[in-house]
Amino acid sequence: MHAALKTDTALGLRRQVLRGVCGAVLFGVLLGGAQAQGTSAVNPSTLTNRPEVAALGAVLPTSPVRLRVWGFEVYDARLWTPAGFRHGQYAQHAFALELQYLRKLDGAAIASRSIDEMRRVGSFSDAQAQSWLAAMRSLFPNVGPGERITGVNLPGEGAEFWVNGQRVGVVKDVTFARLFFGIWLDERTSEPKMRAQLLQGLQP
């Protein structure tokens, strides 16, 4: 009996550790508890044409910022912004935020974590949370290394989403768009260092 109890205890501890590691990785799907590091500068001419940003006209990519959680590389983030973009008024500009993933992640987990991080940026009702969560779960697929999800801010309309250059849909809600992009761009972000790196060189 004591041997069985020890075995059960060991298995339980092992499951807790695994849940902790998985939880940390999913936590870093967006920002919380992460270590963000800039990667090398990008020459726009070396990038393949992104259909998701074509409608934005003359936009330029920022240098990508790499998100790491407990040594795990999660994604590279970059902004595509037009001339005159002011990050203090980001909701008023048409721009794109691209996340290129470096590991496998569950789309439903990305959606759930998005809601958690959006609550840091501003308040919203449970009804809004459920509606937005359902919308994101329908739009965000499971992703793997090299795949990308891009959100495009549509001022006065909402947020449009693309996966690997294919349009998957739009959330027609300006409040949603402001809070979603605020995960990275708002001063209340859970990862101010990553925000500072993304916004480096852009007008306040």
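Quick caveat: nothing in here was measured; it's all calculated off a predicted structure. Note on numbering: residues in each chain are counted from 1, in written sequence order. Whole-chain, interface and lining totals are the exception, using all residues; otherwise, since this is a predicted model, local features are given only for residues with pLDDT of at least 70 and side-chain atom pairs are given and counted only at 80 or more. Based on all heavy atoms of the structure, the side-chain values leave hydrogens and waters out of the count.

1. What to know about the packing of aromatic side chains
And step 1. Pairing of aromatic side chains here covers Phe, Tyr and the six-membered ring of Trp, requires ring centres within 6.5 Å, and sorts the geometry by plane angle: under 30 degrees stacked, over 60 edge-to-face, intermediate tilted. Summed over the entire model, instances satisfying the criterion amount to 13 aromatic pairs.
And step 2. Residues Phe161 and Phe176 carry aromatic rings whose centres are separated by 6.3 Å and whose planes lie at 70° to one another, so their mutual orientation is edge-to-face. With Phe161 in strand E7 (residues 158–163) and Phe176 in helix H5 (residues 174–185), this pair connects stretches of sequence that are 15 residues apart. Both residues of the pair, Phe161 and Phe176, count as buried.
And step 3. Ring geometry for Phe176 versus Phe180: centroids 5.7 Å apart, planes at 20°, classification stacked. Of this pair, Phe176 and Phe180 both sit in helix H5, separated by four residues, roughly a single helical turn.
And step 4. One aromatic cluster is present, formed by Phe85, Tyr90, Phe95, Phe124, Trp132, Phe140, Phe161, Phe176, Phe180, Phe181 and Trp184 through successive ring pairs. Secondary structure elements follow DSSP: runs of H or I no shorter than four residues count as helices, runs of E no shorter than two count as strands, and numbering proceeds from the N terminus. Exposure classes here rest on a 1.4 Å probe applied to the protein chains alone. A residue is buried below 20% of its type maximum, exposed above 50%, and partly exposed in between.

2. Concerning the pattern of salt bridges
And step 1. Think of a salt bridge as a Lys or Arg side-chain nitrogen and an Asp or Glu carboxyl oxygen that are within 4 Å of each other. In the structure shown here, the tally under the stated rule is 11 salt bridges.
And step 2. Note that Arg119 is salt-bridged to Asp126, the shortest N-O span being 3.9 Å.
And step 3. Where salt bridges share partners, they join Arg66, Arg68, Glu73 and Asp76 into one cluster.

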